[in-house]
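Here is what each chain is made of, one letter per residue.
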Amino acid sequence: MKILMVSSEAVPFAKTGGLADAVSALSIALTNMGHEVKIVIPRYYKIDRKTLTPLAGAMGVGVGGGEAWTEVYKTTMPGCPKCEVFFIDHEQSFGRDGIYGVPGETDFHDNPYRFSILCHGAFQLCRKINWKPDIIHAHDWSAALALALLKHVYRWQDFGNTAGVLSIHNLGYQGQYSKDSFPALGIDWGLYYGAGFERNGAINFLQAGISCADMITTVSPTYAREIQTPEGGFGMDGLLRVRSDVVKGILNGCDLKAWNPAVDKKIPATYSVKNMKGKAVCKAELQKQFGLPVRADVPVFGIVTRLVDQKGIAELFAPTYGCLYSLCANMDIQFVALGSGESWCENEMNVLQSKLPNFRAYIGYNDALSHLIEAGSDFFVMPSHYEPCGLNQIYSLIYGTLPIVRNTGGLADTVQNYNERTGEGTGFMFDQITPSALYNTVGWAVYAYYNKKDHIKKMQERGMKSVFSWEDSAKQYLDVYKEALVRKN
């Protein structure tokens with residue numbers, strides 16, 4: 001198949017979250033299976049033109065207010081030379097810091113115009129290189145316009161054999177903007193209602209993508225069910241239930257070249273399920289780097305997260321409400337945290353580590369330190385309100401670090417709850433997102449650590465043997481592509 005990935009992000013070029021990892025990993029897996037995959041993303045300010053190859057001639061993109069003239073560059077995915085990546089270069093739109101907005105502030109006001117250039121540009125790119133895809137695979141709200149364009153504009157021109165697939169990586173982000181921005185999209189006003197953009201008198205990009213896609217995927221089977229409920233649907237549940245026959249949940253895979261304790265060069269000692277000695281070395285180094293007493297006998301709990309409400313930070317860190325202080329004050333444990341985000345949480349983490357001798361935090365992001373936390377911790381905490389797929393619980397399993405997670409989304413699909421009677425399971429789960437539920441589940445893990453060491457060892461081994469292959473995921477996406485082509489016809 002010929003597959004065009006339309007995305008606002010793709011590693012290693014631009015990333016704010018797991019979307020970038022998934023787009024690149026899926027593209028590489030499909031390419032290695034013999035399919036012809038190309039990726040198109042914007043050329044942001046931080047992507048150096050000198051590292052890219054320019055395509056001859058400017059490319060005109062018809063958007064609101066006339067034709068925008070762009071340059072096009074290309075390169076290939078590292079380690080996968082057959083997978084080409086194209087960059088649409090429009091300085092006015094993408095020559096700035098930030099992908100969606102200034103970090104920590106609101107979205108850019110002209111995002112409808114910016115991502116219209118990406119989506120219209122995807123079709124113009126195909127014409128420019130004389131390549132027509134079987135599938136246009138749009139990722140999240142910023143690429144969803146491409147599916148409305150395919151169904152209502154370009155399919156009636158020269159893309160009659162192309163089907164459209166939408167992947168929802170996080171339904172909480174929908175691309176909602178003022179109706180006044182609709183002319184920037186460069187399409188007829190009749191499509192404001194006709195393509196499903198209108199929501200509460202405004203524009204909703206993701207809603208249009210859901211309305212127009214031939215097939216819809218999410219990043220885990222449980223999340224596919226949750227988004228069709230009022231609790232998890234963010235207002236889209238009714239539309240998703242109407243379209244439930246085309247909604248499929250496919251669990252993300254894991255990049256085992258980057259995340260594998262047997263070969264990880266970012267940790268002080270490698271290890272495997274057959275020889276776990278290196279994990280003890282990593283634990284001692286983790287304790288040293290965070291200024292904690294080096295103790296092999298105490299359980300270390302780790303967390304690496306964006307400090308946003310979705311991740312359960314209030315239940316863990318909030319003053320008077322969160323359970324972190326009680327956990328560290330009442331239990332013989334150590335706790336390390338890595339993350340950045342909401343200022344109140346960053347401040348509270350600094351307050352907590354000034355009060356608690358067994359809690360330490362790193363405010364910011366540090367890739368090497370995130371690997372060390374995964375390798376050196378005994379338990380990894382993910383108290384998410386919702387989690388479309390989640391990657392850290394997968395890394396934890398592979399690194400022999402037992403996840404403590406809420407029973408939701410991809411967490412429910414990847415972690416098997418501990419059975420205290422038999423020792424079965426790969427982690428510890430709770431249902432209600434409350435401080436007390438989190439406190440009690442951590443306490444359950446602490447009890448098992450001190451009193452059920454044989455169970456802990458078996459759970460570590462079971463988790464490390466788990467398989468999270470992008471090749472398996474790619475095969476499921478191919479089935480979705482085939483069904484999309486049938487439904488398009």
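Residues numbered from 1 in each chain as written. Predicted model: local features only at pLDDT ≥ 70, side-chain atom pairs only at ≥ 80, totals over all residues. Heavy atoms only, no water.

Student: Even after reading the chapter, I still don't get the packing of helix α1 (residues 18–32) against helix α18 (residues 470–488), so can you show me in this structure?
Tutor: Helix packing for two helices is described by the angle between their axes and how far apart those axes are. Close contact between α1 and α18 brings their axes to 9 Å; oriented N to C, the two are set at 85 degrees. In terms of axis orientation, α1 runs roughly perpendicular to α18. Here α1 contributes A22, A25, L26, A29 and L30 to the contact with α18, which in turn contributes W470, E471, A474, Y477, L478 and Y481. Class assignment of the residues belonging to the contact of α1 with α18 gives a composition of 10 nonpolar, no polar and one charged. (Axes fitted to C-alpha atoms, helices over the stretch in contact; angles between N-to-C directions. Helix = DSSP H or I, 4+ residues; strand = E, 2+ residues; numbered from the N terminus. Parallel < 35°, antiparallel > 145°, perpendicular 65-115°, else oblique. Contact = heavy atoms within 4.5 Å. Nonpolar A, V, L, I, M, F, W, Y, C, P; charged D, E, K, R; others polar.)

Student: Explain the side chain of Q310 to me, please; I cannot follow it from the model alone.
Tutor: Assignment of secondary structure puts Q310 in the loop between β14 (300–307) and α10 (313–317). One polar contact links Q310 to N170, side chain to side chain, over a distance of 3.4 Å. Not counting residues within four places of it along the chain, the set of residues in contact with Q310 comprises N170, S384, H385, Y386, E387 and P388. (Polar contact = N/O pair within 3.5 Å; in protein donor to acceptor, adjacent residues only side chain to side chain.)

Student: What's the story with helix α17 (residues 453–464) in this structure? I'm lost.
Tutor: For α17, built from 12 residues, the straight-helix expectation of 16 Å at 1.5 Å per residue is met to within 8% by its first-to-last C-alpha distance of 17 Å. Within α17 the residues assigned to the buried category are H455, I456, M459, Q460, G463 and M464. Angularly, the buried residues of α17 cover 165 degrees about the axis, an arc narrow enough to put them on a single face. For α17, the elements touching its buried residues are α9 (277–289), β17 (379–382), α14 (392–398), β18 (402–406), β19 (428–430) and α16 (435–451). (Expected span 1.5 Å × (residues − 1). Buried < 20%, exposed > 50% of the residue type's maximum accessible area, 1.4 Å probe, protein only. Arc of directions from axis to C-beta.)

Student: Before we go on, may I ask you to explain the sheet that holds strand β16 (residues 359–363) in this structure?
Tutor: Whenever strands of a sheet pair, they do so through backbone hydrogen bonds, lying parallel or antiparallel. Taken together, the six strands give an open sheet; going across it, the order is β16-β15-β14-β17-β18-β19, and neighbouring strands pair in parallel fashion. Here the strands that pair on one side only, and so sit at the sheet edges, are β16 and β19. Within the sheet, the average angular offset between the axes of one strand and its neighbour, ignoring direction, is 15 degrees. Summarising the sheet, β17 and β18 pair through four bridges and their orientation is parallel. Bridge pairing links V381 to I404 in β18. Packing against the sheet, helix α13 (residues 367–376) makes contact with β14, β15 (334–341), β16 and β17, and its axis sits at approximately 145 degrees to β14. (Pairing = 2+ DSSP bridges.)

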